[in-house]
Structure formats: C-alpha cells, structure tokens
Amino acid sequence: MDYTPVLQQIEHELKPVIGQGRVASYIPELAKVSPHHFGMAVVAIDGSLHTVGDAHVPFSIQSISKLFTLVMALQLEGERVWDRVGREPSGTPFNSLIQLEAESGKPRNPFINPGALVCTDILCTRYAVPENAVVEFLRPLSGNKAMHYNRAVAASERRTSHRNAAMAHLMKAFGNLANDVDEVLDAYCRHCAIEMSCVELAHAARFLVHGGTHPGDHAAILGTSLAKRINALMLTCGTYDAAGDFAFRVGLPAKSGVGGGILAVMPGQYAVCVWSPALEPSGNSLAGSLALERFTTLTGQSIF
Ligand code: GLU
C-alpha cells in the first residue's frame, strides 16, 4: 500500500489545528520548541518508507524512551521484571505519587514514571553508563549511528525533577530500587532527552511489527511472547491517562512522550510515528493524536 497520499491528505486536513494545544513547559528547555512542527513517517512491513512534513527532524523522545528501557529490562531480566512493575493502567497521571504509596512502592506499569525508573534501575545494575547503553541499543535499530541525547534538555529536567526524585526515594524506601537514587535519576533524565526523528523511531519499532525480530538484520530483539506483551502494554498504558480514549479513537498500540511524539505499531503491517509538539491536557500530542486517528480511519488498518 502507498501510504504517502494518505499522509499528505492528513497534513493538509490538520493544518488548522497544528500549533493548537500547549508545548510542555515543566521541563524548561522543552518550552523553547516551536508548536508548529508536524511530521509523520510510516515504515511498512516491506521496509518501504513514507513521510510527510518534519519527518526527518529530530525531537526529544521523552517518554517514548520508556518503551525501549522496558525492552532492555526484559532482555536482561525476562518475566522477573513483573515482580517489580505491574501491567495495569494506572488511571492517574504519569508522575502521580498517590498509588505508589498505597501499593507499597510497586508501580502500576512500566510506562508511568516510577515504572520507567525501575526499568532504568535494572539498566543501572547492568551498565556503567546506562544512558549510553540505551543510545547504543537504538543506533542500529534506527539507522542513525550518530544519535545522542541532548545534554541541555537532560540537565534542564534533572534540575527540576523533584517529583521523580520523590518517587525514586519512595521506591527506595520500599526496597524497589537497587541503585543510588541520584544515579537512577541522572540516567533517566538522559535517556528521556534522546533525540530522534519520526523516521528513526518508526524504524526502531519495526521489531514490534514482526513479532520481536528486526526485519532489517533479522536480529531477535525479543521473543514473540514478550513482543506481544509490549504491544498489549502500549495499547493499555502507552498514552497516559487517555489510553482508553486513544484505543477508541486510533486503535493501535502506541507510546507517546511530552516532546510531542507518538510511536504506534500495527502488527504485521507497519510502524508509524508522528510528531507535533503542542499537547492536549492528557500529555499526548494534539495534532499527533488526530493524525493517527485519521490514519487508521483512512487506511482502514487498525488492530480492531
Ligand atoms: N522526562 C519526562 C518526565 O519524567 C518524561 C515525561 C513524558 O514524556 O511523559 O517528566
């Protein structure tokens, strides 16, 4: 299927709404990004690439990194990860402390901040420089050998990450963090500050389209069972506290970030990534959510 005309139609339809919403400002460095960007990339099962707009422009992947830290934690620990992180939607904001206290320091899922901090903790135990391990993991998958994290964005988040520090300390008190809190927070803020384009993210997610094996070099990233589990978690927990509405409107497993990116997969068909920095109150990209909704409607391809 040639997705390019569909992407062009979507960009044209969405012109009036691109820029509506609010760019994340609680990380001061992110507030500098123009809300008027819009890019979208599809990598189909046959490897063909279809793009529109700013699809090649790198942006701050933020919580989309939680998808990849979960994959790496599962590679290291397998199903033991679930002893420390649950797999239920939280029904609370991604940085909420309330549930964590009530549930003895075990985060509801790996895509809210405390869950991702546990996955980062697993990487801290295994790697001397965990953020570099995440970058090294993503470089071959994305096809960008020069990929890096933005030091200014990482430092900006680290200076203001009081809620994440509170969550990390709470989990440490409950015995669910093995490493030094500051070490985990440093690594977390750095992998959130990785910069990738829509094209690179869509390429990096191709193993989730192919049952855990990257179709380019046939590298087995995960077994089919764990790939299935990740797609299920993306559907139920990947788009903040709006995951139910997102499944209803879009019908694809997806992971979003406050940088305005949303990465989604249609198993057996394609990986798609959209970026537009202005967000809905839920934290998902406003134009990005609409674009994916139009994409699955116009193509007639969703998991439902
Ligand atoms: N680094 C961000 C934070 O911890 C990620 C948030 C997000 O994209 O959801 O607040």
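One can find the structure itself at the top, above this paragraph.
Keep in mind that this is a model prediction, so the values were computed, not measured.

**Things to note about the site of the ligand**
Then comes step 1: Neighbouring residues of the ligand: 14 residues in total, closest Tyr26, Gln62, Ser63, Tyr188 and Tyr240.
Then comes step 2: Take Tyr26: an N or O atom from its side chain is 2.5 Å from an oxygen atom of the ligand.
Then comes step 3: Between the ligand and Ser63, the relevant distance is 2.5 Å, taken from an oxygen atom to a side-chain nitrogen or oxygen of the residue.
Then comes step 4: Burial of the ligand by the protein amounts to 99% of the accessible area it has alone, namely 290 Å².
Then comes step 5: In the shell around the ligand, the residues fall into seven nonpolar, five polar and two charged.

**Brief notes about the nonpolar core**
Then comes step 1: One finds Phe68, Leu70, Leu138, Ile194, Leu201 and Ile230 to be the most contacted residues of the largest nonpolar core, which totals 80 residues.
Then comes step 2: Ranked by size, the runner-up nonpolar core spans 27 residues in total, among them Val6, Phe38, Leu252 and Leu292.

**Structural notes on the pairing of strand S8 (residues 270-275)**
As a general feature of sheets, a regular strand has side chains that alternate between the two faces.
Then comes step 1: With respect to burial, S8 is a largely interior element, six of its six residues being buried.
Then comes step 2: What you see with S8 is no split at all: Tyr270, Val272 and Val274 on one side and Ala271, Cys273 and Trp275 on the other are buried throughout.
Then comes step 3: Relative to S8, strand S2 (residues 39-44) runs antiparallel, the two sharing six bridges. Along S8, the bridge assignment pairs Val43 with Ala271.
Then comes step 4: Hairpin geometry of strand S7 (residues 261-266) and S8 is characterised by an intervening segment of three residues between the two adjacent antiparallel strands and by a positive phi of about 85 degrees at Gly268.

**Details of the packing of aromatic side chains**
Then comes step 1: Summed over the entire model, instances satisfying the criterion amount to four aromatic pairs.
Then comes step 2: Aromatic pair Tyr3 and Tyr270: ring centres 5.5 Å apart, planes at 70 degrees, arrangement edge-to-face. Here the residue Tyr3 occupies a position in the segment before helix H1 (4-14), and Tyr270 occupies one in strand S8, the gap between them amounting to 267 residues. Accessibility classification places Tyr3 together with Tyr270 in one group, the buried group.
Then comes step 3: Three or more aromatic residues link up through ring pairs in this structure, and these residues are Tyr3, Tyr270 and Phe295.
Then comes step 4: Lys255 extends its terminal NZ or CZ atom over the ring of Tyr240, reaching a point 4.9 Å from the ring centre.

**Focus: the sheet that holds strand S6 (residues 254-256)**
Then comes step 1: One open sheet accounts for five strands, arranged S3-S2-S8-S7-S6; its pairing is antiparallel. Lying at the two open borders of the sheet, with one neighbouring strand each, are strand S3 (49-53) and S6. Going across the sheet, the axis of each strand differs from the next one's by a mean of 10 degrees, ignoring polarity.
Then comes step 2: Summarising the sheet, S6 and S7 pair through three bridges and their orientation is antiparallel. Counterpart to Ala254 in the pairing with S7 is Ala264.
Then comes step 3: Contacts between H1 and the sheet are confined to S2 and S3, with S3 contributing the most and set at about 15 degrees to the helix.
Then comes step 4: Across the sheet, helix H13 (residues 286-299) touches S2, S7 and S8, and the angle it forms with S8 is around 150 degrees.

Conventions adopted
- Residues numbered from 1 in each chain as written.
- Predicted model: local features only at pLDDT ≥ 70, side-chain atom pairs only at ≥ 80, totals over all residues.
- Heavy atoms only, no water.
- Near = heavy atom within 4 Å.
- Polar contact = N/O pair within 3.5 Å; in protein donor to acceptor, adjacent residues only side chain to side chain.
- Areas by Shrake-Rupley, 256 points an atom, 1.4 Å probe, with all protein chains shown as cover.
- Nonpolar A, V, L, I, M, F, W, Y, C, P; charged D, E, K, R; others polar.
- Core = buried A, V, L, I, M, F, W, Y, C linked by side-chain atoms within 4.5 Å.
- Buried < 20%, exposed > 50% of the residue type's maximum accessible area, 1.4 Å probe, protein only.
- Helix = DSSP H or I, 4+ residues; strand = E, 2+ residues; numbered from the N terminus.
- Pairing = 2+ DSSP bridges.
- Phe/Tyr/Trp six-rings, centres within 6.5 Å; stacked < 30°, edge-to-face > 60°.
- Lys NZ or Arg CZ within 6 Å of the ring centre and 35° of its normal.
- Axes fitted to C-alpha atoms, helices over the stretch in contact; angles between N-to-C directions.
- Contact = heavy atoms within 4.5 Å.

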